[in-house]
Amino acid sequence: MAADMSSPTPSPAPLLEVRDLCVSFPSGGRMIPIVEHVSFTLGEREILGLVGESGSGKSVTAMAVMGLIDSPGVCITGSALFRGQELVGLAPARMRRLRGRQIAMIFQDPMTAFTPVYTIGWQIDEQIRAHERITRRQARARTVRLLGEMGVPDPERTANRYPHQLSGGLRQRAMIAMALSCNPALLIADEPTTALDVTVQAQILELVRSLRATHGSSVLMITHDMGVVAETCDSTLVLYSGRVAETGPTDVLFAHPGHPYTAALLASIPPLDGPRPERLPTIAGTPPAPLERPVGCAFGPRCAYVHERCRITPPPLVPVGPAQEAACVLPTEGRPLPPRNMAIATHGAPA
Ligand SMILES: Nc1ncnc2c1ncn2[C@@H]1O[C@H](COP(=O)(O)OP(=O)(O)O)[C@@H](O)[C@H]1O
Ligand code: SF4
Ligand SMILES: [Mg+2]
């Protein structure tokens, strides 16, 4: 269960550099902070996992970077540099040109990418032709080749089928083919395997892993599942209630989590070998609603290590290992970090 160690070292100039990203939405006459001061970098040909429970702000972070939030009154601050170009505040027309050509996104449900009324081949052809002046015949040749590369059997015939005629796994492959049709440098994959059974999930993850070699792509992999992170990601960013809890190389973070929340997420991965426990440990409670975040550490109400200092102010990210940072007071107090796979399913366990 380790990320692909044969991956190239990310280049020093990042493909995407997100700094201090904040997103808030208006509600009931006030602004609700959903994403707060999120920073990360994604190198060329790197796969970065954005992980956290449902509602932690993963999709909002990605949609903000992609310029896809159009809710009235939304406030997005901070910076997202893509190859040096600022995406925050970019004019919608310029953002649209970047999307599809340089940055593409895939979702949990491929039916959000395909319309039911045209064949998948026709839709991929059109996507290619929207960005490049090539003939329909040339576009179809590229579509068929891409579908084949994505592991779609008999791609020529499959291209002539309608989305509902394909299995979930095949639809997901077709969506990845469409996303890659213009060779984007960055692919954002938002829970791409959540709706699939485990065998198909493993195949799709293998496909995503191979994209850096076949297409030179970097991937931002959004998931609630640490198992998916372990299978695919070079580095990991753990979000909790809209804030970064921990970030670092996946192998380091998995071996020595620096934040009790990361440790709890790791404890909820099903074991790969040995007997499967009847119930996996889960983290008791739920993340706080954005307006109900405690004054200090947002994880405090669920943390077995919580103490007075945690309740003063949100803990800043501090270094806890090589290229690893955690937003927790334990490291600054010289206290031991949570052991790997520590189950914190109960409150009040002694630190
Ligand atoms: N357009 C919006 N307006 C107001 N609140 C939103 C909007 N989109 C998402 N949210 C809220 O932001 C929070 C984070 O959502 P999301 O990013 O979808 O979480 P995740 O992808 O991690 O499951 C949720 O509480 C959600 O209700
Ligand atoms: S700061 Fe305190 S409450 Fe938050 S994770 Fe660390 S020990 Fe737990
Ligand atoms: Mg989401």
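Every chain's residues receive numbers from 1 upward, in the order its sequence appears when written. Both sets of labels track the order of writing: A upward for chains, 1 upward for ligands. Thresholds applied to this predicted model are a pLDDT of at least 70 for local features of residues and 80 or more for the giving and counting of side-chain atom pairs; totals over whole chains, interfaces and linings are not thresholded and use all residues.

Quick look at the overall build of the protein chain now. Secondary structure elements follow DSSP: runs of H or I no shorter than four residues count as helices, runs of E no shorter than two count as strands, and numbering proceeds from the N terminus. Along the protein chain, the regular secondary structure elements total 10 helices and 12 strands. Residue pairs at least 24 apart in sequence account for 66% of intrachain contacts in the protein chain once pairs closer than 6 positions are excluded. Distance between backbone-placed C-beta atoms decides contact: two residues are in contact if it is within 7 Å.

This paragraph deals with the site of ligand 2. Being near a molecule or strand means, for a residue, that its backbone-placed C-beta atom lies within 6 Å of it. The environment of ligand 2 is formed by 13 residues, the closest being Cys 297, Cys 303, Tyr 305, Cys 310 and Cys 328. Each residue is assigned to one class: nonpolar for Ala, Val, Leu, Ile, Met, Phe, Trp, Tyr, Cys and Pro, charged for Asp, Glu, Lys and Arg, and polar for all the others, Gly among them. Of the residues assigned to the shell around ligand 2, the class counts are 11 nonpolar, 2 polar and no charged.

Right, let's talk about the packing of helix α3 (residues 120-131) against helix α4 (residues 136-149) for a bit. Under this scheme, a helix contributes an axis fitted over its contacting stretch, all axes are lines through C-alpha atoms, and angles between N-to-C directions fall in the 0 to 180 degree range. Contact geometry of α3 with α4 gives a least axis separation of 9 Å together with a crossing angle of 115°. Judged by the inter-axis angle, α3 sits roughly perpendicular to α4. The hand of the α3/α4 crossing is right-handed. In this structure, α3 uses Gly 121, Ile 124, Asp 125, Ile 128 and Arg 129 to contact α4, whose residues at the interface are Arg 136, Ala 139, Arg 140, Arg 142 and Thr 143. When grouped by side-chain class, the residues that make up the contact of α3 with α4 number 3 nonpolar, 2 polar and 5 charged. Angular relationships are summarised with four words: roughly parallel below 35 degrees, roughly antiparallel beyond 145, roughly perpendicular across 65 to 115, and oblique for the angles in between. Helix crossings are classified by the rotation of the near helix relative to the far one: an anticlockwise turn of less than a right angle makes the crossing left-handed, while a clockwise turn makes it right-handed.

Attention now goes to the site of ligand 1. As a matter of local geometry, ligand 1 sits amid Phe 25, Ile 34, Gly 52, Ser 54, Gly 55, Ser 56, Gly 57, Lys 58, Ser 59, Val 60 and Ser 71. With 3 residues, helix α1 (residues 58-66) is the single largest residue contributor to the shell around ligand 1. Of the residues contributing to the shell around ligand 1, the split by class is 3 nonpolar, 7 polar and 1 charged.

Moving on to the sheet that holds strand β8 (residues 218-223). Criterion used throughout: strands pair if DSSP finds at least two bridges between them. Strand order in the open sheet made by the 8 strands is β6-β7-β8-β3-β9-β10-β12-β11, with mixed pairing throughout. With one partner strand each, in any of the chains shown, β6 (103-106) and β11 (318-321) form the two edges of the open sheet. Ignoring which end each strand starts from, the neighbouring axes of this sheet average 20° apart. Here strand β9 (residues 235-240) pairs with strand β10 (residues 243-249) via 6 bridges, running antiparallel. The partner of Val 238 across the bridge, within β10, is Glu 246.

Turning our attention to the pairing of β9. Summarising burial for β9: 6 of the 6 residues are buried, a large majority. Summarising the sheet, strand β3 (residues 47-51) and β9 pair through 4 bridges and their orientation is parallel. Bridged to Gly 49 within β9 is Thr 236. As consecutive antiparallel partners, β9 and β10 are separated by 2 residues, and within that stretch Ser 241 has a phi angle of approximately 50°, a positive value. Put plainly, a residue is buried at 20 or more neighbouring C-beta atoms within 10 Å of its own, exposed at 12 or fewer, and partly exposed in between, counting only other residues' C-beta atoms, which are placed from the backbone.

The next subject is the confidence of the model for the protein chain. Detailed conclusions should not be drawn from predicted coordinates in areas where pLDDT is low. pLDDT is defined as a per-residue confidence score from the predictor, taking values between 0 and 100. Per-residue pLDDT for the protein chain averages 88, and the proportion of residues at 70 or more is 89%. Residue range residues 1-6 is modelled with pLDDT below 50. Its contacts to residues more than four positions away, or to other chains, number 11 contacts. Within the model, pLDDT remains below 50 along residues 342-351, and this stretch shows 23 contacts once partners closer than five positions in the same chain are excluded.

Expected helix span is computed as 1.5 Å times (number of residues minus one). Spanning 13 residues, helix α6 (residues 168-180) covers 18 Å between terminal C-alpha atoms, matching the ideal 18 Å at 1.5 Å per step. Across the 13 residues of α6, 12 count as buried, placing the element largely inside the fold. Of all the residues in α6, the buried ones are Gly 169, Leu 170, Arg 171, Gln 172, Arg 173, Ala 174, Met 175, Ile 176, Ala 177, Met 178, Ala 179 and Leu 180.

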